[in-house]
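Chain residues, written in single-letter form:
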Amino acid sequence: MENVIDLINLRTMRSQAVVSTYVRSQGLSPPEVAALERIADEAHDRPILDIGVGGGRTVQPLLAISADYLGIDYSEQMIVASRTRFPGVRFEHADARDLSNMADGSIFLAVFSCNGLGMVHHSDRLRILREVYRVLQPGGAFLFSTHNQNCRDHVAGFRFPDFEPSHNPARILVRTARFIGQTLIRSCNRLRFSKYDVRTPEYSMINDVCHHYGTMLYYIALDNQRRQLESAGFRQDAEGFDLAGRDIRDDTTDSSITLLARK
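Residues numbered from 1 in each chain as written. Predicted model: local features only at pLDDT ≥ 70, side-chain atom pairs only at ≥ 80, totals over all residues. Heavy atoms only, no water.

> How do you make sense of the environment of Thr58 when you look at a structure like this?
Relative to the assigned elements, Thr58 resides in the loop between strand 1 (48-51) and helix 4 (59-63). When the C-alpha atoms of Thr58 and Thr176 are compared, they prove to be 34 Å apart, with 118 residues separating the residues in sequence. Setting aside its immediate chain neighbours within four residues, Thr58 contacts Leu28, Asp50 and Ser113. A distance of 2.5 Å separates a polar atom in the side chain of Thr58 from a polar atom in the side chain of Asp50. (Helix = DSSP H or I, 4+ residues; strand = E, 2+ residues; numbered from the N terminus. Contact = heavy atoms within 4.5 Å. Polar contact = N/O pair within 3.5 Å; in protein donor to acceptor, adjacent residues only side chain to side chain.)

Structure below.
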């Protein structure tokens, strides 16, 4: 199963269309801003590891905290895009499941944004948590986001692409053609990949609508995510933030949760 998840997700993350989408992304989300505000002063001028850097959306905000920065991604195409966008910044093609080229306790702040931690199978996710814990300095922090098992997306049925009406006949023609094309892509991907869905009380791995159902993504509730972190060695009660950037203690129905865990 692990190999299947990698084949599906890496194929999507290497596609030029998806890379271009991530390159166009800019700015931090409200929960990312809130979480970084909690740790920025402590992380000032200390080593930062940006995991799953993608097209570079998080590069400038993290460089503003510390010039001791390294961005990594398991998609070579994403690394090429980030290097092109930010010449002179350190980027490496690397997989978070194996950070053996990094010394124990060499990083103060590790960041894995955009639900990137959810693109690997359950056993690999636990491996990443252990690897991040290993490379963090005592008192260091791991800031990441994850899909929420208690949200509507987790149980949603097939979703058609958005369609914006227009009074312009030419625009209607183009938009209709795009809608039909994207619907066919979504239908084919859903048919091919949904058979790999896994749903358990602890977590789910499902064929998510992201990138036209071209991915398999991990969903977990807040309490279970905190337990995973504790099992990997992190302190109890990692801080949680909803999509508005508000603190959450017990639960939320938002589609994504951002956490700040301490070593």
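That covers the picture; the talk isn't over yet.
> How do you make sense of the pairing of strand 2 (residues 69-73) when you look at a structure like this?
Successive side chains on a regular strand alternate, one facing one side of the sheet and the next facing the other. With 5 of its 5 residues buried, strand 2 lies for the most part within the structure. Where burial is concerned, the two faces of strand 2 agree: the one with Tyr69, Gly71 and Asp73 and the one with Leu70 and Ile72 are both buried. Bridge count for strand 1 against strand 2 is 4 bridges, and the pairing is parallel. The residue bridging Ile51 from the neighbouring strand is Ile72, located in strand 2. Note that strand 2 and strand 3 (residues 91-93) share 3 bridges and pair parallel. If you follow Gly71 over to strand 3, its bridge partner there is Phe91. This β-α-β element, strand 2 to helix 5 (residues 76-85) to strand 3, shows right-handed connectivity. (Buried < 20%, exposed > 50% of the residue type's maximum accessible area, 1.4 Å probe, protein only. Pairing = 2+ DSSP bridges. Right-handed = clockwise from strand over helix to strand, strands pointing away.)

> Could you clarify how one ought to interpret the packing of helix 6 (residues 122-135) against helix 9 (residues 222-231) in this entry?
Two quantities define a packed helix pair, namely the angle between the axes and the distance from one axis to the other. Relative orientation of the contacting elements helix 6 and helix 9 amounts to 55 degrees, with a least axis distance of 9 Å. It follows that helix 6 is oblique to helix 9 by the angle criterion. Handedness of the crossing formed by helix 6 with helix 9: right-handed. Side by side, helix 6 and helix 9 meet where His122, Arg125, Leu126 and Leu129 of the first sit next to Gln225, Gln228 and Leu229 of the second. Grouping the constituent residues of the contact of helix 6 with helix 9 by class yields 3 nonpolar, 3 polar and 1 charged. (Axes fitted to C-alpha atoms, helices over the stretch in contact; angles between N-to-C directions. Parallel < 35°, antiparallel > 145°, perpendicular 65-115°, else oblique. Left-handed = near helix turned anticlockwise from the far one by under 90°. Nonpolar A, V, L, I, M, F, W, Y, C, P; charged D, E, K, R; others polar.)

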